[in-house]
Amino acid sequence: GNGVRLPDICHHFNNLLQTKVGADVTFEVSGETFPAHRCVLAARSKVFMAQLFGPMKDTSTIIHIKDMKAEVFRSLLSFIYTDSFPGMEMDDMEDDETEVDEMRLQWLQDLLVAADRYDLQRLKFICEMQLSENIQVSSVASTLVLAEQHHCSGLKEACFKFIQAQSPSCLQTLMASHGWQHILATYPLVLNELIAKLIALNQK
């Protein structure tokens, strides 16, 4: 029956990725190269399927990926091959907790963008969940913009809830921030949504 667990398929595929056996395409991302397998990528992502096997397919053996950091692409590949959420790479140098938090936040935001770009809905959803659980005054504006750009309604909702729960002094800090000015300038409708929610709250 279907009760039989697949024999460590994650490990087997991860081995393929690590050993590069049979790799038939190489990606160049921010100066780093990543050998991979067209079939695996295409099986996991409609975007890769179109890019590698569609009518407009890219037949070159080296494919350049722009606007992405190497460590983000590495995490993306890891998820594609293992279907498990990758850990963030850490240098041993990083002791500063605030800095680590900021790096992790940036990595999660970038990974969400990458997951959306390659239509990896499960990875996108996991990134959304992780970001929702780690909202801070310093990051809520950039996370809200991200949620708006990539149609993440759950994440947007989490940002709104976070903002609603802040004290007046925290809100002042938030509204004075560069990120908040960016929202005002670029996504004024988000503000209208937030105000509508605040009004609804006050009417309860």
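Because the structure is a prediction, the values reported are computed rather than measured.

K.L.:
Any chance you could explain the packing of helix α7 (residues 140-149) against helix α8 (residues 153-164) here in plain terms?
P.N.:
If you want to describe how two helices pack, look at the angle between their axes and the distance between the axes. As a packed pair, α7 and α8 sit with axes 8 Å apart at the nearest point and diverge in direction by 150 degrees. Overall, the two elements α7 and α8 adopt an arrangement that is roughly antiparallel. The chirality of how α7 crosses α8 is left-handed. Side by side, α7 and α8 meet where V140, T143, L144, A147 and E148 of the first sit next to L155, K156, C159, F160, F162 and I163 of the second.

K.L.:
How should the pattern of salt bridges be read in this particular structure?
P.N.:
It is possible for side chains bearing opposite charge to pair when their charged atoms get close. In the structure shown here, the tally under the stated rule is nine salt bridges. A salt bridge links R74 to E32; the shortest N-O distance between them is 2.3 Å. Pair noted here: R74 is in helix α4 (residues 70-82) and E32 is in strand β2 (residues 32-36), with a separation of 42 residues, a long-range link. Residue classification places R74 among the partly exposed positions, given a relative accessible area of 29%. Since its relative accessible area comes to 32%, E32 is described here as partly exposed. Of the charged contacts in the structure, one is a salt bridge between E157 and K197, with a shortest N-O distance of 3.5 Å. In this pair, E157 sits in helix α8 while K197 sits in helix α11 (residues 188-203), placing the two residues 40 residues apart along the sequence. Of the residues examined, E157 reaches a relative accessible area of 31% and is grouped as partly exposed.

K.L.:
I'm lost on the packing of helix α10 (residues 178-186) against α11 in this one. Help?
P.N.:
The N-to-C vectors of α10 and α11 enclose an angle of 100 degrees; their axes lie 5 Å apart at closest approach. Comparing the axis directions of α10 and α11 gives the class roughly perpendicular. Counting all contacts with α10, which are made through W180, I183, L184, A185 and T186, the residues of α11 involved are P188, V190, L191 and L194. Taken together, the residues of the contact of α10 with α11 sort by class into eight nonpolar, one polar and no charged.

K.L.:
Would you mind showing me how to read the packing of aromatic side chains here?
P.N.:
The geometry of two aromatic rings is summed up by the distance between their centres and the angle between their planes. Summed over all chains, the structure comprises five aromatic pairs. Relative to F48, the ring of F27 lies with its centre 5.6 Å away and its plane at 65 degrees, an arrangement referred to as edge-to-face. Separated by 21 residues along the polypeptide, F27 in strand β1 (residues 25-29) and F48 in helix α3 (residues 46-53) bring together distant segments of the chain. In terms of burial, F27 and F48 fall into one category: buried. Each ring, one from F27 and one from F73, has its centre 5.2 Å from the other, and the planes form 50 degrees; the classification is tilted. Linking F27 in strand β1 with F73 in helix α4, this pair joins segments that are 46 residues apart in sequence.

K.L.:
Quick question: what am I supposed to make of unusual backbone geometry here?
P.N.:
Trans is the prevailing form of peptide bonds, just as negative phi is the prevailing case for residues other than glycine. Look at D119: it is not a glycine, yet its phi comes out positive at around 55 degrees. Within the chain, H151 stands out as a residue other than glycine whose phi angle is a positive 55 degrees. You can see H151 is positioned in the loop between α7 and α8.

K.L.:
Is there a simple way to explain the state of the cysteines in this structure?
P.N.:
Cysteine pairs can be linked by a disulfide, which is a covalent bond between their two sulfur atoms. All chains considered together, the criterion is met by zero disulfides. Not part of a disulfide, C10 finds its nearest cysteine sulfur in C127, a span of 17 Å. Among the residues examined, C10 registers a relative accessible area of 33% and is labelled partly exposed. Of the cysteine sulfurs around C152, a residue in no disulfide, the closest is that of C127, at 9.2 Å.

K.L.:
Just checking my understanding: could you explain the UniProt feature "domain: BTB" (unreviewed entry) in the protein for this structure?
P.N.:
With numbering aligned to this structure, UniProt lists the feature "domain: BTB" (unreviewed entry) at residues 23-89. As annotated, residues 23-89 has a helix share of 42% and a strand share of 21%, and its two end C-alpha atoms lie 23 Å apart.

K.L.:
Would you mind showing me how to read a negative patch on the surface here?
P.N.:
Together, D95, D96, E97, E99, D101 and E102 give the surface a local cluster of negative charge. Among the structural elements, E99 can be located in helix α5 (residues 97-117). What makes E99 partly exposed here is its relative accessible area of 37%.

Rules of the game
- Residues numbered from 1 in each chain as written.
- Predicted model: local features only at pLDDT ≥ 70, side-chain atom pairs only at ≥ 80, totals over all residues.
- Heavy atoms only, no water.
- Axes fitted to C-alpha atoms, helices over the stretch in contact; angles between N-to-C directions.
- Helix = DSSP H or I, 4+ residues; strand = E, 2+ residues; numbered from the N terminus.
- Parallel < 35°, antiparallel > 145°, perpendicular 65-115°, else oblique.
- Left-handed = near helix turned anticlockwise from the far one by under 90°.
- Contact = heavy atoms within 4.5 Å.
- Salt bridge = Lys/Arg side-chain N within 4 Å of Asp/Glu carboxyl O.
- Buried < 20%, exposed > 50% of the residue type's maximum accessible area, 1.4 Å probe, protein only.
- Nonpolar A, V, L, I, M, F, W, Y, C, P; charged D, E, K, R; others polar.
- Phe/Tyr/Trp six-rings, centres within 6.5 Å; stacked < 30°, edge-to-face > 60°.
- Disulfide = S-S within 2.5 Å.
- UniProt positions renumbered as here; feature names shortened; annotations may be inferred.
- Patch = residues over 30% accessible without salt bridge, like charges linked within 9 Å, V, L, I, M, F, W, Y side chains within 5 Å.
- Areas by Shrake-Rupley, 256 points an atom, 1.4 Å probe, with all protein chains shown as cover.
- Lys, Arg positive; Asp, Glu negative; His and termini not counted.
- Charge placed at Lys NZ, Arg CZ, Asp CG, Glu CD.

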